[in-house]
Amino acid sequence: MIYFDSAGSFPVLDEVKEKVIGTITSHYANPSSDHAAGVMAADGIEKVREQIAEMIGATPSEIIFTSGATESNNLALKGLLNCDLAKNKKHIITSKIEHKCILSICSYLESCGYEVTYLSPDSTGKISVDTVKTALRGDTALVSIMHVNNELGTLNPISEIGELCFQNGTLFHTDAAQSFGKTEIDVDDMNIDLLSLSAHKIGGIKGIGALYIRDARDIDVLPVIHGAGQEIGIRGGTVATPLVSGLGEACTIFPKYYVSADFAQINAHLERELKSKSIKYTINGENKLPHIVSLTLPEVDVITFLLAHREDFSLAQGSACSSKEIEASHVLKAIGLDREKAERTIRLSFDFNTTKHDISTLVSKLQTFIEGA
Ligand SMILES: Cc1ncc(COP(=O)(O)O)c(C=O)c1O
């Protein structure tokens, strides 16, 4: 099985596995307990909080541990819109290419009386600053625009959007699940008020993530999970010490691996191979992280190919299957692909083990499939 789905979940790093197992053994006490073992567990958690804060230019008290980016996004949108900071404003701006969880939170908020503007990207997959500017209103409570898109790998102009929101007195949230650890983030320079991240996109374990909340201690955030005062009362539940330690390890190691990985060479090899076998293709999106490739293959019935090769390749399709019909990806539709092109699109996402040989194997199978069709 060749794994091409690191944007779905990055393979867990060996160092993370070791760290997590070590923490399970040594830091098993409840981090909220006052005794020495509890304090030791809590200290481990605080070190990771400091580490994450340092990585994004925040202070440790602004980092709230959650179960992952979905929960962080829920807390950011539902938790903050119900507090004083939103000043009773009822308008939200987001984009049509956000992760499905943001879209479903927004749809819930619409049912609670909020009005949501869904911005369209341009054909390269970018949400332009001008579209945000045009949509901003006096009653806009929050703008939520993702940093890196999970299907295309494209980067949005977060600094410029942040600056605009700052000038307008509007809260700015970014879903950084796909960018954290892979590209520079500074919440002050970028005027970000809220930022969601997730461990399993950077070689950590599923079930842990965090939300950065500017001045978290001083503001009134409605918890999504009420609890016994953990995480300064914003997120209830015993903090998962081993998972947090794994996130800390991933934060230490992943960025170094990422910058030294030669994804450019993998991309070049992919294009060379496709060209040498005369397979027609287009790559969707511009200005993107190099480990994600959205590839439209007009000659390939991608649904049939993926079904035939589900044991050979872990690949994501550019469309989501529901039980009744194939629904074209909302992201690909938003950048202007018609249904057929969207259905003939695959997402490849590379990790540190991806080789040129993996790429050649995939392209050979594509060629055989096209010839047999
Ligand atoms: C952009 C984006 N946001 C949110 C999520 C959800 O993250 P998690 O699995 O940590 O809840 C993902 C993961 O697929 C993602 O890519």
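Residues numbered from 1 in each chain as written. Predicted model: local features only at pLDDT ≥ 70, side-chain atom pairs only at ≥ 80, totals over all residues.

S.K.: Sorry, what's going on with the site of the ligand here?
M.R.: Around the ligand lies a shell formed by Gly-68, Ala-69, Thr-70, His-99, Cys-101, Met-146, Asn-150, Asp-175, Ala-177, Gln-178, Ser-198 and Gly-209. Grouping the amino acids of the shell around the ligand by side-chain chemistry returns 4 nonpolar, 7 polar and 1 charged. (Near = placed C-beta within 6 Å. Nonpolar A, V, L, I, M, F, W, Y, C, P; charged D, E, K, R; others polar.)

S.K.: Explain the sheet that holds strand 12 (residues 316–317) to me, please; I cannot follow it from the model alone.
M.R.: One key point about sheets: their strands pair by backbone hydrogen bonds, in either a parallel or an antiparallel sense. In space, the 4 strands of this open sheet follow the order 9-10-15-12, with antiparallel pairing throughout. Strands with a single pairing partner mark the edges of an open sheet, and in this sheet they are strand 9 (282–284) and strand 12. Looking at chain direction, strand 9 and strand 10 (residues 292–296) are connected through 3 bridges and run antiparallel. Within strand 10, the residue paired with Thr-282 across the bridge is Thr-296. (Pairing = 2+ DSSP bridges. Helix = DSSP H or I, 4+ residues; strand = E, 2+ residues; numbered from the N terminus.)

S.K.: In this structure, what is going on with the pairing of strand 3 (residues 91–95)? I would like to understand it.
M.R.: Walk down a regular strand and you will see the side chains alternate between the two sheet faces. The buried fraction of strand 3 is high, at 4 of 5 residues. Inspection of the sheet shows strand 3 paired to strand 4 (residues 115–119) by 5 bridges, in the parallel sense. Looking at the pairing, Ser-95 lines up with Leu-119 of strand 4. The handedness of the strand 3 to strand 4 crossover, carried by helix 4 (residues 100–111), is right-handed. Direction of pairing for strand 3 relative to strand 5 (residues 140–144): parallel, over a ladder of 3 bridges. In the sheet register, Ile-93 faces strand 5, and the bridge partner there is Val-143. (Buried ≥ 20, exposed ≤ 12 C-beta atoms within 10 Å, placed from the backbone. Right-handed = clockwise from strand over helix to strand, strands pointing away.)

S.K.: Hey, could you run me through the nonpolar core in this one?
M.R.: A general trend in soluble globular proteins is that nonpolar side chains are found buried together. Counting residues in hydrophobic clusters, the biggest one holds 99 residues, and the most contacted among them are Leu-194 and Tyr-212. Tyr-212 has contacts with Ile-56, Ala-58, Glu-62, Ile-63, Val-187, Leu-194 and Leu-195, leaving out every residue within four places of it along the chain. (Core = buried A, V, L, I, M, F, W, Y, C linked by C-beta atoms within 7 Å. Contact = placed C-beta atoms within 7 Å.)

S.K.: So what exactly am I meant to see when it comes to the sheet that holds strand 8 (residues 209–213) here?
M.R.: The strand order 2-8-7-6-5-3-4 describes an open sheet built from 7 strands, whose pairing is mixed. In the strand order of this sheet, the two ends are held by strand 2 (63–66) and strand 4, each with one partner. Put simply, the sheet's adjacent strands are angled 20 degrees from each other on average, direction ignored. Packing of helix 2 (residues 36–56) onto the sheet brings it into contact with strand 2, strand 7 (194–198) and strand 8, and relative to strand 2 it is tilted by some 120 degrees. (Axes fitted to C-alpha atoms, helices over the stretch in contact; angles between N-to-C directions.)

Just geometry here; none of it tells us what the structure is for.
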